[in-house]
Amino acid sequence: MSIETILHMNTGNGESSYATNSYLQEHGIQRALHVTNEAINRMCNDLGGFPGVFKIADLGCSSGPNALLGISNIISRVHDMCNENNFEVPQFQVFLNDLIENDFSILFRSLPTFYAKLKNGEGDHCGPCFVSAVPGSFYSRLFPNKSIHLFLSSYAVHWLSQVPQGIENNKCNIYMAKTSPTNVFEAYRKQFEKDFTKCLRLRSQEIIRGGRIVFTIPGRSISDPTSEDCCIIWELLAKSLVDMVKEGRIPESDIDSFNIPYYTPYEDEVRDVIKKEGSFLIDNLYSFALDWEPYNSDNGKMDVADRPIRGKNTAKLIRAVIEPMMATHFGNSIMDMVFYKFEEHVVHHLSAREGRNFNLVISLTKH
Ligand code: SAH
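So, how was this worked out
Residues numbered from 1 in each chain as written. Predicted model: local features only at pLDDT ≥ 70, side-chain atom pairs only at ≥ 80, totals over all residues. Heavy atoms only, no water. UniProt positions renumbered as here; feature names shortened; annotations may be inferred. 1 Å grid on protein atoms, 1.4 Å probe; cavity = no way out; pocket = protein on both sides within 12 Å on 5 of 7 lines; lining within 4 Å. Points joined across faces, edges and corners; volume = space filled by probe spheres on them. Helix = DSSP H or I, 4+ residues; strand = E, 2+ residues; numbered from the N terminus. Expected span 1.5 Å × (residues − 1). Buried < 20%, exposed > 50% of the residue type's maximum accessible area, 1.4 Å probe, protein only. Contact = heavy atoms within 4.5 Å. Axes fitted to C-alpha atoms, helices over the stretch in contact; angles between N-to-C directions. Parallel < 35°, antiparallel > 145°, perpendicular 65-115°, else oblique. Left-handed = near helix turned anticlockwise from the far one by under 90°. Phe/Tyr/Trp six-rings, centres within 6.5 Å; stacked < 30°, edge-to-face > 60°. Pairing = 2+ DSSP bridges.

As named in an unreviewed UniProt entry, the chain is Benzoate carboxyl methyltransferase, taken from Artemisia annua. In its Sequence similarities (unreviewed entry) section, the UniProt record describing the chain reads: "Belongs to the methyltransferase superfamily. Type-7 methyltransferase family."

Overview of the layout of surface pockets
Computed from the structure, the largest pocket encloses a volume of approximately 740 Å³. For the largest pocket, the lining is made up of 50 residues, of which Y155, A156, H158, W159 and V321 are closest to its centre.

Some thoughts on helix α3 (residues 33–47)
Compared with an ideal rise of 1.5 Å per residue, which puts 15 residues at 21 Å, α3 spans 21 Å between its outermost C-alpha atoms and is within 8% of the ideal. Looking at α3, one finds that the buried residues are V35, T36, A39, I40, M43 and C44. In this structure, the buried side of α3 is in contact with β1 (53–59), α4 (66–85), β4 (148–154), β5 (207–219), β6 (280–291) and β7 (356–366). Note on α3: the residue one or two positions beyond its end, G48, has a positive phi of about 70°.

Observations concerning the packing of helix α12 (residues 307–330) against helix α13 (residues 335–352)
The N-to-C vectors of α12 and α13 enclose an angle of 140°; their axes lie 8 Å apart at closest approach. The orientation of α12 with respect to α13, classified from their angle, is oblique. The chirality of how α12 crosses α13 is right-handed.

Focus: the packing of aromatic side chains
Throughout the structure, instances matching the rule amount to 17 aromatic pairs. Plain terms: the ring middles of Y175 and Y262 are 5.4 Å apart, the flat faces sit at 85° to each other, and that makes the pair edge-to-face. Of this pair, Y175 sits in the loop between β4 and α7 (182–206) while Y262 sits in the loop between α9 (252–256) and α10 (267–277); the two residues are 87 residues apart in sequence, bridging distant segments of the chain. With respect to class, Y175 is no different from Y262; both count as buried.

Topic: the sheet that holds β5
Taken in spatial order, the 7 strands make up an open sheet running β3-β2-β1-β4-β5-β7-β6, and their pairing is mixed. Each end of this open sheet is capped by a strand with a single partner; those strands are β3 (129–135) and β6. If you compare each strand with its neighbour and ignore which way they point, the axes differ by 15° on average. Relative to β4, β1 is paired through 3 bridges, and the arrangement is parallel. Looking at β4, one finds that D58 is bridged to L152.

Following this line, the structure appears as structure tokens:
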């Protein structure tokens with residue numbers, strides 16, 4: 001089965017949905033905001049203002065509030081700059097891209113509120129904004145030549161176009177792990193290199209000269225591919241599946257044949273791909289760590305008593321992202337039990353260690 005038909009986040013806005021459980025990503029988008037603002041400033045300087053119709057595309061927008069959050073931030077920044085510099089405010093054309101199985105209808109339903117907020121926030125003199133959806137893979141062409149000014153993509157391009165080939169020996173793991181054989185790391189790295197190169201090559205045809213791309217993705221803080229900040233979460237999920245094998249609920253071969261099409265690169269790997277591909281210059285590469293429960297840690301509320309709730313929330317966060325793909329492979333009926341076990345493993349992990357993930361924000365100019 002092709003990834004494009006099974007990869008999507010949990011739909012709707014119920015308890016397990018991505019819309020309800022994407023606060024970690026929301027937090028990451030806010031942390032990346034200054035990089036996006038800087039990209040807009042530089043583009044405005046290079047182009048001597050904004051074009052009459054400012055075209056923005058969000059790659060991998062998904063179905064939660066985050067899709068329109070990034071776009072609102074951009075419109076607000078452009079608006080402020082126009083006020084500060086006495087520029088005419090452009091019209092905005094916004095393209096929300098995701099794979100065909102994405103829950104676009106929930107996004108469409110949120111548009112009236114988005115338009116109303118825009119009007120309230122920026123006033124009547126805010127240029128009109130026209131939002132449309134572009135279903136398809138960012139590993140294929142999505143837009144005409146030289147038509148987009150700014151690409152934004154949060155927590156999406158770390159999803160690979162396919163599971164790396166030749167990793168059937170990644171026994172009892174579902175991603176790169178401490179016990180993975182070395183060929184697994186190499187296969188994942190190569191697939192990322194191939195996919196990210198393709199994504200850049202395609203965007204280089206669609207973006208105007210001087211246009212910008214801002215990617216935010218989960219990555220890892222050290223070159224070791226089993227770095228805890230990127231892999232431990234999947235090791236804990238794999239442990240939960242192994243528990244299910246021990247209880248005779250699934251065969252071990254089901255775990256061996258499941259690997260996540262996802263890669264958390266080290267900063268230098270990202271730089272290498274961009275340099276080798278050659279269409280873009282790096283304006284900024286910024287990194288930051290986030291607690292699995294970012295609001296909790298920001299408020300300084302985290303203590304032992306919070307562990308069960310942190311375990312529950314982290315399990316919901318991961319479930320919203322990976323359940324559709326896991327349910328296709330392992331069956332729907334075991335999902336509640338797997339994620340219950342996962343929650344327990346997360347709580348246990350937090351009793352001895354931190355739960356953090358690492359993020360990279362990459363701002364590029366088309367030269
Ligand atoms: N940008 C949102 C959503 C991130 S979830 C946020 O920051 O919260 C990742 C999204 O990327 C998912 O909706 C998934 O379907 C999408 N995605 C993954 N691979 C893709 C591809 N090849 N083309 C388009 N979208 C993709």
